[in-house]
Amino acid sequence: MHAARADRIRTTPLSFAPPALGDEERANVARSLDTGWLTSGPFVAQLETELGEYLETPHAFAVSSCTTAMHLALVALGIGPGDEVVTTPLTWPATANVVAQTGATPVFADVDPHTLQLDPAAVEAALTEHTRAVMPVHYAGHPCDVAALETLCARHGLYLVEDAAHAVETRVDGGRKVGSIGDATCFSFYANKNLAAGEGGALCVRDDALADRVRSLRLHGLDRDAWKRYEKAGPGAYDVIEPGYKYNLSDLHAGVALGQLHRLEAHHARRAQQVALYDEGLAGLDGIEAIGRRLADGARHAWHLHVVRIDAALAGADRDAYATALAAERVGTGLHFLPVHRLTWYRERNRGLSLPHAELAGSQVLSLPLSPAHSLDDIEDAIAAVRRVHARLR
Ligand SMILES: *Cc1c(COP(=O)(O)O)cnc(C)c1O
């Protein structure tokens, strides 16, 4: 079926997740340079308005990254020393790092062995009297089990803070938009994400008072309205209501993000086509299987990553051997993720913690090239390379 390209080896490298940028992004950057408005300005304001509409949320704040969005969310929710936040080990270290940076303790619960999403039953078992929040990831762009986590959070009086770095386009069961659900939802505009601005992110919150605190904490804890309350103060006056952060987004990045937002749905359709091609082209290969999906009515996958699991006993070699062999075929891959509780700082603080599903997945997962910048022929090349490597290693 894929024999036509099976013996063709790429002459140019196929990267794992290059950005797909266009004329609008280019024009917006040029405009920022022409007007001289480089820091947060008109593009940030427009991005926040349009993102709020797209994400179906009352408050969308553009910030410098998903990492700063998550830190800001936890601080604004009052999470700090003595508190615990339950999260998934199958994430980029940022998710746990920000918890530690508030002085709280990240607590890891295992993932569902099929979807690799945070398992609500494991979260329940990890709760203590100190737990204040649950921080799931919509891993790969597949919705996590939001309904069960919402119920759990409501029952125990916990905040739901979502790491939605992979999930700009994601909808959960019943069609609700990620960004409109949790107490805080954090998005990434990092260079290899679905909405790629190089760097950047967004924090969505639903509560008006929380939004006021986020608005101030995002920029030094300034109270921009302070001068209005003092008749004698000049227009440049300002006040600080608590020591805040420097987490705002530049207009250069916001201009790129806006262009990306405008092509997001078209890009999503290309991603879906590429995943369908992988599903067909890699079907039936012993020991290579796409991670499980469980998409109920109304749910939507963002198709951020196409992750396969390599079962060494069946596939003839382990994930690392496959990644090396694919690199030799000029096909780039990614690793999402090494379980965070096995990384040095976390391992030293979680001695004896065993999360078997995440640990097995961490040794097996391999992300294949997926990007709207790729053509379907590019994906056929990646499929042919995987099939060649499989035939050789098995
Ligand atoms: C990329 C990523 C982040 C961090 O995003 P930045 O915008 O680079 O801070 C956090 N969590 C997950 C799951 C990610 O993939």
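It should be noted that the structure appears before, not after, this text.
Caption draft 1: Representation of the site of the ligand within the structure. Residues in close proximity to the ligand total 15 residues, the closest being T67, D163, H166, S188 and K193. The backbone of C66 places a nitrogen or oxygen atom 2.9 Å from an oxygen atom of the ligand. Within the side chain of K193, one N or O atom sits 3.3 Å away from an oxygen atom of the ligand. When the free accessible area of the ligand is taken as 390 Å², the share hidden by the protein chains comes to 93%. For the shell around the ligand, the class distribution of residues is 6 nonpolar, 7 polar and 2 charged.

Caption draft 2: Structural context of unusual backbone geometry. A cis geometry characterises the amide bond from H336 onward to F337, with omega recorded as 10°. By the element assignment, F337 lies in the loop between α13 (319-328) and α14 (344-349). Although it is not a glycine, E56 adopts a positive phi angle of roughly 60°. Relative to the assigned elements, E56 resides in the loop between α3 (42-55) and β1 (59-63). Positive phi values are uncommon outside glycine, yet A140 reaches one of about 70°.

Caption draft 3: Structural view of the pattern of salt bridges. In total, this model carries 19 salt bridges according to the counting rule given. For R10, the salt bridge is made with D381, and the minimal N-O distance between the two is 2.8 Å. Here R10 is found in the loop between α1 (3-6) and α2 (23-35), whereas its partner D381 is found in helix α16 (residues 376-393), with 371 residues between them in sequence. In this structure, R319 engages D320 in a salt bridge whose closest nitrogen and oxygen atoms are separated by 2.8 Å. Overall, the relative accessible area of 42% leaves D320 in the partly exposed class. It is possible to trace a salt-bridge network through shared partners that takes in R10, D378 and D381.

Caption draft 4: Quick peek at the environment of I288. Tracing the backbone through its elements, the reader meets I288 in strand β10 (residues 288-290). For I288, a relative accessible area of 7% gives the class buried. Through-space distance from the C-alpha of I288 to that of A312 is 8.9 Å; in sequence the pair is 24 residues apart. Setting aside its immediate chain neighbours within four residues, I288 contacts V308, R309, I310, A315, Y322, V386 and H390.

Caption draft 5: Expanded view of the environment of P369. Note that P369 resides in the loop between β12 (365-368) and α16. With relative accessibility at 0%, the residue P369 sits in the buried group. C-alpha separation for the pair P369 and T333, spaced 36 residues apart in sequence, amounts to 6.2 Å.

Caption draft 6: Representation of the pairing of strand β5 (residues 159-163). The element β5 is extensively covered by neighbouring structure, given that 4 of its 5 residues are classed as buried. Taken together, the 2 bridges between strand β4 (residues 131-135) and β5 define a ladder with parallel strand orientation. Residue pairing in the sheet places A133 in a bridge with Y159 of β5. Following the chain from β4 across helix α7 (residues 146-156) to the adjacent parallel β5, one finds a crossover that is right-handed.

Caption draft 7: Representation of the sheet that holds β10 in the model. Within the open sheet, the 3 strands sit side by side as β10-β11-β12. Their pairing is antiparallel. In this open sheet, the two edge strands, each paired with only one partner strand, are β10 and β12. Direction aside, neighbouring strands of the sheet carry axes that sit 35° apart on average. As defined by bridge partners, β10 adjoins strand β11 (residues 306-310) across 3 bridges and the pair is classed as antiparallel.

Caption draft 8: Looking closely at the nonpolar core. Core analysis: the largest hydrophobic core is formed by 43 residues, its most contacted members being L47, L51, V123, V134, F187 and F189. Going through the elements one at a time, α3, β1, α6 (120-126), α7, β7 (201-205) and α10 (251-262) are the ones with two or more residues in this core. Beyond its immediate chain neighbours, meaning those up to four positions away, V134 contacts V86, L118, V123, L149, L152, C153, L158, Y159, L160 and V161. A69, C186, A211 and Y247 belong to the second-largest nonpolar core, a separate cluster that totals 30 residues.

Rules and cut-offs
Residues numbered from 1 in each chain as written. Predicted model: local features only at pLDDT ≥ 70, side-chain atom pairs only at ≥ 80, totals over all residues. Heavy atoms only, no water. Near = heavy atom within 4 Å. Polar contact = N/O pair within 3.5 Å; in protein donor to acceptor, adjacent residues only side chain to side chain. Areas by Shrake-Rupley, 256 points an atom, 1.4 Å probe, with all protein chains shown as cover. Nonpolar A, V, L, I, M, F, W, Y, C, P; charged D, E, K, R; others polar. Helix = DSSP H or I, 4+ residues; strand = E, 2+ residues; numbered from the N terminus. Salt bridge = Lys/Arg side-chain N within 4 Å of Asp/Glu carboxyl O. Buried < 20%, exposed > 50% of the residue type's maximum accessible area, 1.4 Å probe, protein only. Contact = heavy atoms within 4.5 Å. Pairing = 2+ DSSP bridges. Right-handed = clockwise from strand over helix to strand, strands pointing away. Axes fitted to C-alpha atoms, helices over the stretch in contact; angles between N-to-C directions. Core = buried A, V, L, I, M, F, W, Y, C linked by side-chain atoms within 4.5 Å.

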